[in-house]
Amino acid sequence: MHAAPTAVLIDADGKVGHLYNAKTTPQMIVIDPAGKVIYDGAIDDRPTPDPADIHGADNYVSDALTAAMAGKPVATPFTRPYGCSVKYPD
């Protein structure tokens, strides 16, 4: 909602998904300018599709980006992602 994406990656063959060991959708991965993964996991701490549950959730991605932009280490660099499994082509 109200997103302004500047690029889209279509990974039809799963090459990038495999590169980052993506197992679920959604699974958020934040990569620093040097190419290092600084966060991998769930978008937040509320594994529910109910929009009402978003209020008060700890947004791990926002936390990681805020820390990285301030030059600080990410406090929670990994969480367990939730969602459906990624279906890779054979």
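Residues numbered from 1 in each chain as written. Predicted model: local features only at pLDDT ≥ 70, side-chain atom pairs only at ≥ 80, totals over all residues. Heavy atoms only, no water.

J.: Honestly, the confidence of the model for the protein chain in this entry has me stumped. Any pointers?
T.: Across the protein chain, the average pLDDT comes to 92, with 99% of residues at 70 or higher. Across the protein chain, the secondary-structure element scoring lowest on mean pLDDT is strand β1 (residues 24-25), at 92, and the one scoring highest is strand β3 (residues 37-41), at 97. (pLDDT = per-residue confidence, 0-100. Helix = DSSP H or I, 4+ residues; strand = E, 2+ residues; numbered from the N terminus.)

J.: Just to check I follow, could you spell out the environment of V37 for this structure?
T.: With respect to the helices, strands and loops of the structure, V37 is situated in strand β3. Residue class for V37 comes out partly exposed when judged on its relative accessible area of 35%. Taking the C-alpha atoms as reference points, V37 and G56, 19 residues apart in sequence, are found 26 Å from one another. (Buried < 20%, exposed > 50% of the residue type's maximum accessible area, 1.4 Å probe, protein only.)

J.: Is there a simple way to think about the layout of surface pockets in this case?
T.: Gaps left between atoms show up when a probe the size of a water molecule is rolled over them. Of the pockets and cavities examined, the largest pocket occupies roughly 210 Å³. Along its surface, the largest pocket is lined by L9, D11, V16, G17, Y20, A22, T24, T25, P26, Q27, I29 and V86. Secondary-structure elements contributing two or more residues to the lining of the largest pocket are α1 (15-19) and β1. The residue makeup of the lining of the largest pocket, split by class, is seven nonpolar, four polar and one charged. (1 Å grid on protein atoms, 1.4 Å probe; cavity = no way out; pocket = protein on both sides within 12 Å on 5 of 7 lines; lining within 4 Å. Points joined across faces, edges and corners; volume = space filled by probe spheres on them. Nonpolar A, V, L, I, M, F, W, Y, C, P; charged D, E, K, R; others polar.)

J.: I would appreciate a short explanation of the side chain of D40 in the present structure.
T.: Considering the arrangement of structural elements, one finds D40 in strand β3. Despite its burial, D40 remains without a salt bridge, the nearest opposite charge being carried by K23 at 9.9 Å. Sequence-distant contacts of D40, that is, excluding residues within four places in its chain, are made with Y20, Q27, M28, I29, P77, F78 and T79. (Lys, Arg positive; Asp, Glu negative; His and termini not counted. Salt bridge = Lys/Arg side-chain N within 4 Å of Asp/Glu carboxyl O. Contact = heavy atoms within 4.5 Å.)

J.: In this structure, what is going on with unusual backbone geometry? I would like to understand it.
T.: Note: most peptide bonds trans; most residues except glycine with negative phi. Each neighbour pair has its own omega, and for T25 with P26 the value is 5°, a cis peptide bond. Tracing the backbone shows P26 in the loop between β1 and β2 (28-31). Its identity as a non-glycine residue notwithstanding, N21 has a phi of 60°, on the positive side. Mapped onto the elements, N21 comes out in the loop between α1 and β1. Take N21: its relative accessible area is 46%, and that puts it in the partly exposed class.

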